[in-house]
Amino acid sequence: MSLPQVLAAARLIESGFSALVPDNWMQGRTAYGGFSAALALVAAQRLVPDLPPLRSATVNFVGPLAGEVAVRARLLRRGRNATWISAEVTSEAGVGLTATFVFMGPVEASALHLHDVPLPKDVVPLDQAMPLPDRAGPSFAPNLERRFGLPQSDDRRPEICWWERIRDVEGLDPMVALILLADALPPGVMP
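Here's what I pulled together on the structure shown here. (Residues numbered from 1 in each chain as written. Predicted model: local features only at pLDDT ≥ 70, side-chain atom pairs only at ≥ 80, totals over all residues. Heavy atoms only, no water.)

With respect to the pattern of salt bridges
Logical step 1: Enumeration according to the criterion identifies four salt bridges in this entry.
Logical step 2: The residue arginine 165 makes a salt bridge to glutamate 145 at a minimum N-O spacing of 2.8 Å. Placement of the pair is arginine 165 in strand S10 (residues 162–166) and glutamate 145 in strand S9 (residues 144–148), with a sequence separation of 20 residues.
Logical step 3: One salt-bridge network, held together by shared partners, links Glu145, Arg147 and Arg165. (Salt bridge = Lys/Arg side-chain N within 4 Å of Asp/Glu carboxyl O. Helix = DSSP H or I, 4+ residues; strand = E, 2+ residues; numbered from the N terminus.)

What follows is the structure, encoded as structure tokens:
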């Protein structure tokens, strides 16, 4: 099941919804972190209408999540330009994830421009990049299209550069899709 399918099957509960974590979104004995965080963001977005764009997310993985989960959100504060919402994902084992999301309108005085950061000099264009083997990775990996972003090398640098995207984003808010993908790369120390 894709995330859009999981959300379509979710049941409304007080302050959120209840959903099933399918086997294809598991990572060992717990739900893949990006999947759990995406559920939390959806609950936050559904709580308050007309939110400005998501600007910050603090996500804490507290314990394992599997099977039926409850996803609840709570408004912490709504100011003139920013809204803070906390979310929690629980299962019968208890709390598995807590998150705080900050939604904020544009701040014109900011000098930080992350879009000015260049790609690595040897990056392979997406359409020429070699796909990762289908058998590579955890059980959630088939939900992703994954390709090597840099030529393979014998260097044992603590860096990973892959092209990754979610296979089914039908109807997902782009920020939910980004959060879903955010935990997909293995740590840079894996090489």
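Next, the rest of the story.
Quick notes on the sheet that holds strand S5 (residues 54–61)
Logical step 1: Strand order across the open sheet formed by six strands is S1-S2-S6-S7-S8-S5, with antiparallel pairing between neighbours. Both edges of this open sheet fall to strand S1 (11–13) and S5, since each of them pairs with a single strand only. Averaged over neighbouring strand pairs, the angle between their axes works out to 25° when direction is ignored.
Logical step 2: By the bridge criterion, six bridges tie strand S2 (residues 16–21) to strand S6 (residues 67–78) in an arrangement that is antiparallel. When the sheet's bridge partners are listed, serine 18 is paired in S6 with alanine 70.
Logical step 3: Its contacts with the sheet place helix H2 (residues 33–47) against S2, S5, S6, strand S7 (82–91) and strand S8 (94–104), and it is angled at close to 55° to S8. (Pairing = 2+ DSSP bridges. Axes fitted to C-alpha atoms, helices over the stretch in contact; angles between N-to-C directions. Contact = heavy atoms within 4.5 Å.)

What about the packing of aromatic side chains?
Logical step 1: Here the structure, examined in full by the defined rule, presents five aromatic pairs.
Logical step 2: Note on tryptophan 25 and phenylalanine 35: the rings are 5.2 Å apart at their centroids and 20° apart in plane angle, and the pair reads as stacked. A residue pair is termed long-range when its members are at least 10 positions apart, and tryptophan 25 in the loop between S2 and strand S3 (26–27) and phenylalanine 35 in helix H2 qualify at ten residues.
Logical step 3: With relative accessibility at 1%, the residue tryptophan 25 sits in the buried group.
Logical step 4: A relative accessible area of 0% means that phenylalanine 35 is categorised as buried. (Phe/Tyr/Trp six-rings, centres within 6.5 Å; stacked < 30°, edge-to-face > 60°. Buried < 20%, exposed > 50% of the residue type's maximum accessible area, 1.4 Å probe, protein only.)

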